[in-house]
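Coordinate inspection notes
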Amino acid sequence: MEEISEVFDSAEQINLYNEGKKTSYSSVDGNYEVILECWNNTINGALEMPAYGVSLNNLTVQEMQKNLWLEFDFGKRLEHNEMPFEKLLVHVDKGYYGFNLIRYNSAVGYDGRCFYLDLNGKNMDNLYELLIDL
């Protein structure tokens, strides 16, 4: 795939973690479509940048117990820039103008290099507000 932003429409499920509480939305759920539309509006025009972030599974799982996280589960192995993933996880917060996309692989969890998206002058405020209200 050429652009990482092209992959999200193929997610089988979207998982929302709010203060450690997980809520899952399948592709037939109305909230799935609402989340995906807001997500795509948020990342429209975003620039993929070199990522210096590396995720450590234990620390990422700990951090998912607080704050707001959005995870796209593709139900299969995909690859971008020679880096495989089955899920992509992002910490969502107001005022974020860019973020790491943390890769998940069943063999190692959330260990490994990340992708990075710069929102190119936009922020996550609308996405955050939508997710908090679900």
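Counting starts from 1 at the beginning of each chain's written sequence and moves along it residue by residue. In keeping with the model being predicted, local features are shown solely for residues with a pLDDT of at least 70 and side-chain atom pairs are shown and tallied solely at 80 or more, while totals for entire chains, interfaces and linings include all residues. Neither water nor hydrogens contribute to the side-chain values; these are computed over all heavy atoms in the structure.

**Considering the sheet that holds strand β3 (residues 47-49)**
Two strands are said to pair when DSSP picks up at least two bridges between them. For helices the rule is a DSSP run of H or I covering at least 4 residues; for strands it is a run of E covering at least 2, with both sets numbered from the N terminus onward. Taken together, seven strands build an open sheet; the order of strands is β2-β1-β5-β6-β7-β9-β3 and the sheet is antiparallel. In this open sheet, the two edge strands, each paired with only one partner strand, are β2 (21-26) and β3. On average, adjacent strands in this sheet sit at an angle of 30° to one another, irrespective of strand direction. In this structure, strand β6 (residues 83-92) lies alongside strand β7 (residues 98-104), joined through three bridges in antiparallel fashion. In the sheet register, K87 faces β7, and the bridge partner there is Y104. In this analysis, two residues are considered to be in contact whenever any of their non-hydrogen atoms come within 4.5 Å of each other. In this analysis an axis means a line fitted to C-alpha atoms, helices contributing only their contacting stretch, and an angle means the value between N-to-C directions, from 0 to 180 degrees. Where helix α3 (residues 125-133) meets the sheet, it contacts β1 (13-18), β5 (68-80) and β6, and its direction lies at approximately 105° from that of β5.

**Some details on the pattern of salt bridges**
We define a salt bridge as a side-chain nitrogen of Lys or Arg found within 4 Å of a carboxyl oxygen belonging to Asp or Glu. One pass over the full model with this rule turns up three salt bridges. Between E63 and K66 there is a salt bridge, and its shortest N-O distance comes to 3.3 Å. Its salt-bridge partner being K94, residue E129 comes within 2.5 Å of it at the nearest N-O pair. Here E129 is found in helix α3, whereas its partner K94 is found in the loop between β6 and β7, with 35 residues between them in sequence. Given a relative accessible area of 45%, K94 falls into the partly exposed group. Buried means the residue's accessible area, taken with a 1.4 Å probe over protein chains only, is under 20% of the maximum for its type, while exposed means over 50%, and partly exposed covers the values in between.

**A short note on the nonpolar core**
As used here, the term nonpolar core means buried Ala, Val, Leu, Ile, Met, Phe, Trp, Tyr and Cys residues forming a set that is joined through side-chain atoms within 4.5 Å. Within the largest apolar cluster, 32 residues are counted, with the highest numbers of intra-cluster contacts made by F8, W39, L70 and L101. Among the elements of the structure, β1, α1 (30-43), β5, β6, β7, β9 (115-118) and α3 are those that each provide at least two residues to this core. At six residues, the largest contribution of residues to this core is made by α1. Setting aside chain neighbours within four positions, we find L70 in contact with I14, N15, L16, I35, W39, L88, L89, V90, V92, L127 and L131.

**Some words on unusual backbone geometry**
Phi at N67 takes a positive value of approximately 70°, unusual for a residue other than glycine. One can find N67 in the loop between α2 (57-63) and β5.

**Description of a nonpolar patch on the surface**
A cluster of nonpolar side chains, V54, L56 and L59, forms an exposed patch at the surface whose accessible area comes to about 280 Å². Structurally, V54 is set in strand β4 (residues 54-55). Look at V54 and you get exposed, because its relative accessible area is 54%. Here a patch means residues that are over 30% exposed by relative accessible area and free of salt bridges, tied together within 9 Å if like-charged and within 5 Å if nonpolar (Val, Leu, Ile, Met, Phe, Trp, Tyr). Here the open area of atoms and residues is found with the Shrake-Rupley method and a 1.4 Å probe, where only the protein chains shown may cover a residue.

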